[in-house]
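Residues per chain are reported as follows:
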Amino acid sequence: MNWLTRLIPSIGEKEPSASKSKVPDGLWNNCPACESILYQPELEKSLFVCPKCGHHLRIGARKRISIFLDQDSFNEISSDEETNNILNFKDTKSYDQRIKEAVSSTGEKEALVTGVGKLDGKEVVVAAFEFRFMGGSMGGTVGTKFVKAVQTAIDKNLPLICFSTSGGARMQESMVSLMQMAKTAAALEKLRARSLPYFSVMIDPIFGGVSASIAMLGDINIAEPGALVGFAGRRVIEETVRVDLPEDFQRAEFLLDHGAIDMIVHRGELRSTISNLRDKLLSNNAAK
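Keep in mind that this is a model prediction, so the values were computed, not measured.

Rules and cut-offs
- Residues numbered from 1 in each chain as written.
- Predicted model: local features only at pLDDT ≥ 70, side-chain atom pairs only at ≥ 80, totals over all residues.
- Heavy atoms only, no water.
- Helix = DSSP H or I, 4+ residues; strand = E, 2+ residues; numbered from the N terminus.
- Buried < 20%, exposed > 50% of the residue type's maximum accessible area, 1.4 Å probe, protein only.
- Contact = heavy atoms within 4.5 Å.
- Pairing = 2+ DSSP bridges.
- Axes fitted to C-alpha atoms, helices over the stretch in contact; angles between N-to-C directions.
- Salt bridge = Lys/Arg side-chain N within 4 Å of Asp/Glu carboxyl O.

Student: I keep staring at the side chain of Ser177 and nothing clicks. Help me out?
Tutor: Tracing the backbone shows Ser177 in helix α6 (residues 174-193). For Ser177, a relative accessible area of 2% translates into the label buried. Look past the residues within four positions of Ser177 in its chain and what remains in contact with it is Met138, Gly139, Ala169 and Arg170.

Student: Explain the sheet that holds strand β4 (residues 112-119) here, please?
Tutor: Within the open sheet, the 7 strands sit side by side as β3-β4-β5-β6-β7-β8-β9. Their pairing is mixed. Two strands lie at the open edges of the sheet, namely β3 (75-77) and β9 (263-264), each paired on one side alone. Sheet topology places strand β6 (residues 160-166) next to strand β7 (residues 198-206); 6 bridges connect them, and they run parallel. Across the sheet, Leu160 pairs through a bridge with Tyr198, a residue of β7. Its contacts with the sheet place helix α5 (residues 140-156) against β3, β4, β5 (122-129), β6 and β7, and it is angled at close to 25 degrees to β4.

Student: Whenever I open this one, the pattern of salt bridges confuses me. Can you help?
Tutor: For side chains bearing opposite charge, pairing can occur when the charged atoms are close. Applying the stated criterion across every chain, the model contains 19 salt bridges. Measuring nitrogen to oxygen at the nearest pair gives 3.6 Å for the salt bridge that ties Glu82 to Lys109. Within this pair, whereas Glu82 is found in the loop between β3 and α4 (95-106), its partner Lys109 is found in the loop between α4 and β4, the two being separated by 27 residues in sequence. Accessibility expressed as a relative area gives 38% for Lys109, which makes it partly exposed. Residues Arg234 and Glu238 are paired through a salt bridge, measuring 3.5 Å at the closest nitrogen-oxygen approach. With Arg234 and Glu238 both in helix α8 (residues 234-241), this residue pair falls 4 residues apart, about one helical turn. Classification of Arg234 by relative accessible area gives partly exposed; the value is 24%. One salt-bridge network, in which partners are shared between bridges, spans Arg62, Glu76 and Glu108.

Student: Quick question: what am I supposed to make of the pairing of β4 here?
Tutor: With 7 of 8 residues buried, β4 is to be regarded as a mostly interior element. Relative to β4, β3 runs antiparallel, the two being bridged by 3 bridges. Within β4, the position partnered with Asn75 by the bridge is Val116. Strand direction decides the pairing type here: β4 and β5, joined by 8 bridges, are antiparallel. Paired with Thr114 across the bridge in β5 is Ala127.

Pasting the structure below:
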């Protein structure tokens, strides 16, 4: 042992063996609410709901569709719809660049996935927002895809279910994005005229123009536990009206207490709840 290894003992230690076992990446997850360390396979079995505190973790559009519909029953529609930079918008980056980055990071062409699948053996039309795609914001293509989903429901005489999670209208499309609120609302009115039920499921978080149109226009408005639902953010409202708002303001539980939504449903009970409601509403419509 020389003077250097006596001064810094670790310098003489051998490197760890390359064959030493390592914990695989993605094997553990953290609950953002209670900060518990969660075993990923067990978390998947619980549908990404924390077994310690019941917090509903955020999941992607396709994962949500896969756990909601019957296995291997989903057939996507409007998958060829892509966004065009019709205003040639640019902020710190061009809109085209932001779209390319969103496509690359999510594997989706837009912030909405739509299709037809089966729920307990019966066909339904499903739409699900992908929040990772530019905050699930609604532009012209998202509005078009939603309207086509509504039209598919009308053509096939099927109910429509939409899982909404979004930051609102997409600023890069200016008035074009705001027009989607009226366009989607008009399409839903056509669905209602055919007595076909529309189930809106609000997912954390859901704000802005999507919450003020698609999300709140359901025949049955459902939210997951603890979901943040609103139009403007809490701080914006407090600064505007100069009032301190309750701690649970804009949480699903607050909205249910004040009559803004119809029910709160645990993710594990969404399939059975919507399936039962669908059957009751369709049987009532058939009896008229």
